[in-house]
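# Structural description and commentary
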Amino acid sequence: MKNITPPYIISYFFTALLIIQSYSCSSDKNKVTPPNLVVFIADDVSWDDLGCYGNEYVQSPNIDLLASEGIIFKNAYLTTSSCSPSRNSIISGRYPHNTGAAELHTMPPIEMISLPEILKSNGYFTLQAGKFHMGDYAIRGFDEVHDDREVNGKGGEEYWEKAVENAPNDQPFFMWFASYDAHRAWGENQFTGTHNVDQIKVPEYLIDGPETRLDLVNYYDEITRFDHYIGKVVEKLKEKGTYENTVIVIMADNGRPFPHSKTRVNHQGIKTPFIIHYPKAIAARNAVSESLVSAVDIAPTLIDLAGIDPLERFQGVSFKNLLLDPNDKFRNYVFAEHNWHDYEAYERMVSNERYMYIKNERPQFAQRGPLDAVNSPTYAELKKALIDGIITERQADIFLAPRPKEELYDLINDPYQFNNLMLGQEIPAAHEELKLMLKEWSNATGDNLPENITKDWYLREPVKNTNGMKTKTSNKAKNYNIRGEMQDLQTMPQELMRKVLFNKHINEIFNNFHWSTLIFLL
């Protein structure tokens, strides 16, 4: 177990304590027994790679059962398709460029306040087990941190059941259970062989070849392991008698580690499976919400369910009402960003229920995917098909360079975002609406393009040994390990809320927030 109070954090303790205490106002609703909160977060799993989301090839029976007794959110969006920036966004309730850690492997400042720290200050026992990848500020919020691979096992889930078993009985608990599944590289797995290479369907944007099929079933096998340990936690919760009073959230940090998915701001990159199970608050079993929800709304929602007053520093707001009425409307827009992740990048996305608009400030680069996807067997089959001249237009999308600077997609008629309406003769009016909204959001959140952006750390086309030499060929680029500039923290006004949220929720949100001390909104 990691020491949760390293020496260099102590100097920030009293400042952080004062900040949190200023947000911990008592109210009558706090007298109600608060629920336990358990967040399961998979590593690199796309939104439609679970059985309950219509993927008939993936074995995820425990998740599917929870979904049948809870709510499936069909339009839950992450703020980025990159591991640490996404996790920091979720746990802080802020957009990546407003956390001070918008790029992969960077950390927010130590003064940042996290969801577990808020819960801990309000009487919760807080524990993390599995993959961490967030930063020292987040460690401060946990009573226990278990990120040792020897403790967590190959998939990162082996301590979860024990964590629930050992949870104190005299206080509510918050568990952040983060698996290594289904991140590459595939390794030892007791569920290997669960999926058959001949019994799956390969997405049309990938090559239907033996290497890709094997790659996909290995990926699916890791999802099944993730699912298995969720089932074990549920069993333990029932055994302890805490199941009915536990909010269970199931989601992922970004899309699958394949070309066309991870790091992209399309649906396969930034849309996440998102399931909530909470018998005490959910109005109907097997419910489906089509409302737009953002990752920045998750922390405010859990705070709300815990009976804690809202915090002004959150850039999202609670969607608790969707648990009572899944057919309700919540957001008009969601936003996402693509910053450096192995390679130079700068994209911004805004989407409403019908259209998605993407602005690319680095259109000169192809979007093959991050390093792990580029080094995959799936990528190798795509590259071979390109060389052999047998690749389809949709499969070749990852090699396109330069790319359009603007992209617009009809999400109803083009669910995988291949038909860029900006290239057509008639551009829908939604283009101007979304372009303006993206500009307002960027201005309001202080999102500007740095002059000195981080460059590629790796060669965009991997170099492999072909001459039998024992020395491994380096794929590091000349700018390896050199960071550019990136935005830090920025204030924003409240006016944007009125456009982003569905009108029905405006008065309620405004009445609950103390605008005189507002730091962030959306």
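Numbering of residues starts from 1 in every chain and runs along the sequence as written. This being a predicted model, a pLDDT of at least 70 is required before a residue's local features are given, and a value of 80 or more before pairs of side-chain atoms are given or counted; all residues contribute to the totals for chains, interfaces and linings. Hydrogens and water are ignored here; the side-chain numbers use all heavy atoms of the structure.

Axes here mean lines fitted to C-alpha atoms, for a helix over just the part in contact, with angles spanning 0 to 180 degrees between N-to-C directions. Secondary structure counts use DSSP, requiring at least four H or I residues in a row for a helix and at least two E residues in a row for a strand, with both numbered from the N terminus. Closest axis-to-axis distance for the helix α3 (residues 61–68)/helix α9 (residues 210–240) pair is 7 Å, and the angle between their directions is 55 degrees. Taken together, α3 and α9 sit at an angle that is classed as oblique. Residues P61, N62, I63 and L66 of α3 lie in contact with α9, whose contacting residues are F226, D227, H228, I230, G231 and V234. Classes in brief: Ala, Val, Leu, Ile, Met, Phe, Trp, Tyr, Cys and Pro nonpolar; Asp, Glu, Lys and Arg charged; the others, Gly included, polar. Among the residues forming the contact of α3 with α9, the class breakdown is six nonpolar, three polar and one charged. Oblique is the label for every angle not falling under 35 degrees (roughly parallel), over 145 degrees (roughly antiparallel), or within 65 to 115 degrees (roughly perpendicular). By definition, residues are in contact when any of their heavy atoms lie within 4.5 Å.

Accessibility here uses a 1.4 Å probe with only protein chains present; expressed as a share of the type maximum, an area under 20% marks a residue as buried, one over 50% as exposed, and anything in between as partly exposed. Most of strand β1 (residues 36–42) sits out of view: seven of its seven residues are buried. Burial along β1 is two-sided: N36, V38, F40 and A42 and L37, V39 and I41, pointing in opposite directions, are all buried. Should DSSP find at least two bridges between two strands, the strands are taken to pair. Pairing analysis gives five bridges linking β1 to strand β6 (residues 173–178), with the strands arranged parallel. Bridging from a neighbouring strand, L37 pairs with F174 of β6.

This part takes up α9. Expected span of a helix, by definition, is 1.5 Å for each gap between consecutive residues, and there is one gap fewer than residues. Under the 1.5 Å per step criterion, the end-to-end length of α9 is 46 Å for 31 residues, consistent within 8% with the ideal 45 Å. Counting buried residues in α9 gives 22 out of 31 residues, a clear majority hidden from the surface. The positive-phi residue at the C-terminal boundary of α9 is G241, with phi of around 75 degrees.

Whenever Lys or Arg places a side-chain nitrogen within 4 Å of a carboxyl oxygen from Asp or Glu, that contact is recorded as a salt bridge. Inspection of every chain in the model, using the stated rule, returns 36 salt bridges. Note that K329 is salt-bridged to E353, the shortest N-O span being 2.8 Å. Taken together, the residues span a long stretch of sequence, with K329 in the loop between α12 (321–324) and β11 (334–338) and E353 in the loop between β12 (347–351) and β13 (355–360) at a distance of 24 residues. Take E353: its relative accessible area is 42%, and that puts it in the partly exposed class. R362 is the salt-bridge partner of E344, the closest N and O atoms lying 2.5 Å from each other. Taken together, the residues span a long stretch of sequence, with E344 in the loop between β11 and β12 and R362 in the loop between β13 and α13 (371–374) at a distance of 18 residues. The same class applies to E344 as to R362, namely buried. The network of salt bridges with shared partners includes D43, R87, K131 and D253.

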